[in-house]
Amino acid sequence: MIQKTVCHTVDLIPSLYYIAAVVDPVEPDNVLRVLEEHADYKLTTVLTTHHHWDHAGGNDKLLKKQPGLTVYGGSDQVQAVTHVITTEDTTLSFGSLTIQPYLTRGHTMEHICYYIQDGDNKVVFTGDCLFSSGCGRFFEGTPTDMDGALTKLKTLPGSTKVYFGHEYTVANCRFALTVEPQNADLQQKLAWAHRVGCTTPSSIENENLTNPFLRVHEPTVRQAVVQRGETASALTDIEVLGRVRQMKDNS
Ligand SMILES: [Zn+2]
């Protein structure tokens, strides 16, 4: 998220720097260290996914060290927020980048995912809404809320890189295999995740193949949650999503 910009200093000698944004800077010291190492970067913007301390809890400290930052978030609950986003109608411009906020309630009611495009490059920061082969708990929202949020994400272009809020991929794949034991993509992903440790970024294409919370329409996932006397195909996607989440919460 950088864009080189011409900056005229008071003595009118132009200097060049890159503007930078950061998502959920919960460890501001690390952000500040990187900025010190790259003096040609100027941090201007904070994108906050939701109000939980492990995502928004570094905003105050970062603002103290870097006054004047623009801080986006979904509500006044977000620490140090300066711009509250309540609609998807406004696209944010950031240099050559376009930032599309998606209202993705479910984990919290003010959760936002940020879909960012730079030419052909597309990334989405998903906070605690979508994880690799998993999703966040429904702390504030309902299965209906989360179904709406996940539907927005799973219909993004398959090549979109997914930057998620927590590295839970091994545990998520293990659970997902209890839902779909025969899913070969999932089996391969678990072995890969064990090997590499850090699995970020994922992609929308891979999530659609391996994430049971995005696969609620699949007969295999439906069969895993159907109860005696029910027909799997008669369940709604929202019912399936709620039941898979319950299975995960109880696992
Ligand atoms: Zn959270």
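Residues numbered from 1 in each chain as written. Predicted model: local features only at pLDDT ≥ 70, side-chain atom pairs only at ≥ 80, totals over all residues. Heavy atoms only, no water.

Identification of the protein as hydroxyacylglutathione hydrolase from Absidia glauca is taken from an unreviewed UniProt entry. Reading the Pathway (unreviewed entry) entry of the UniProt record for the protein gives the comment "Secondary metabolite metabolism; methylglyoxal degradation; (R)-lactate from methylglyoxal: step 2/2." Taken verbatim from the UniProt record of the protein, the Sequence similarities (unreviewed entry) comment is "Belongs to the metallo-beta-lactamase superfamily. Glyoxalase II family." (UniProt positions renumbered as here; feature names shortened; annotations may be inferred.)

A word on the packing of aromatic side chains. Enumeration according to the criterion identifies five aromatic pairs in this entry. Centroid distance Tyr-102 to Tyr-115: 6.2 Å. Interplanar angle 40°. Geometry classified as tilted. Of this pair, Tyr-102 sits in strand β7 (residues 97-103) while Tyr-115 sits in strand β8 (residues 112-118); the two residues are 13 residues apart in sequence, bridging distant segments of the chain. Classification of Tyr-102 by relative accessible area gives buried; the value is 17%. For Tyr-115, a relative accessible area of 7% translates into the label buried. Ring geometry for Phe-175 and Phe-213: centres 6.4 Å apart, planes at 20°, overall stacked. Residue Phe-175 is found in helix α5 (residues 169-179), and its partner Phe-213 is found in the loop between α7 (204-210) and α8 (219-225); the two are separated by 38 residues along the sequence. The exposure classification of Phe-175 matches that of Phe-213, with both residues buried. (Phe/Tyr/Trp six-rings, centres within 6.5 Å; stacked < 30°, edge-to-face > 60°. Helix = DSSP H or I, 4+ residues; strand = E, 2+ residues; numbered from the N terminus. Buried < 20%, exposed > 50% of the residue type's maximum accessible area, 1.4 Å probe, protein only.)

With that settled, consider the nonpolar core. Residues Met-146, Leu-150 and Leu-153 are the most contacted members of the largest nonpolar core, which totals 28 residues. Excluding anything up to four places from it in sequence, Leu-150 contacts Cys-129, Leu-130, Phe-213, Leu-214 and Leu-241. Ile-19, Ile-99, Tyr-114 and Val-123 belong to the second-largest nonpolar core, a separate cluster that totals 16 residues. (Core = buried A, V, L, I, M, F, W, Y, C linked by side-chain atoms within 4.5 Å. Contact = heavy atoms within 4.5 Å.)

To continue, consider the sheet that holds β8. In space, the six strands of this open sheet follow the order β6-β7-β8-β9-β12-β13, with mixed pairing throughout. The open sheet terminates on both sides in strands that have one partner only, identified here as β6 (92-94) and β13 (202-203). Across six bridges, the pairing between β7 and β8 is antiparallel. Note on β8: the bridge partner recorded for Pro-101 is Tyr-114. (Pairing = 2+ DSSP bridges.)

With that settled, consider the layout of surface pockets. Here the largest pocket defines a volume of roughly 690 Å³. Lining the largest pocket are 29 residues, with Val-22, Val-23, Asp-24, Pro-25 and Val-31 positioned closest to its centre. Of all the secondary structure elements, the ones that give two or more residues to the lining of the largest pocket are β2 (14-23), α1 (28-37), β3 (41-47), α2 (53-56), β9 (121-127) and β12 (161-164). Residues belonging to the lining of the largest pocket are distributed by class as follows: 17 nonpolar, eight polar and four charged. Three or more residues apiece are contributed to the lining of the largest pocket by two domains, here domain 1 (1-84) and domain 2 (111-251). By volume, the second largest pocket amounts to about 250 Å³. For the second largest pocket, the lining is made up of 14 residues, of which Phe-131, Cys-135, Arg-137, Tyr-168 and Arg-245 are closest to its centre. Where the lining of the second largest pocket is concerned, the elements lending two or more residues are α5 and α9 (237-250). (1 Å grid on protein atoms, 1.4 Å probe; cavity = no way out; pocket = protein on both sides within 12 Å on 5 of 7 lines; lining within 4 Å. Points joined across faces, edges and corners; volume = space filled by probe spheres on them. Nonpolar A, V, L, I, M, F, W, Y, C, P; charged D, E, K, R; others polar. Domains from an automatic or database assignment.)

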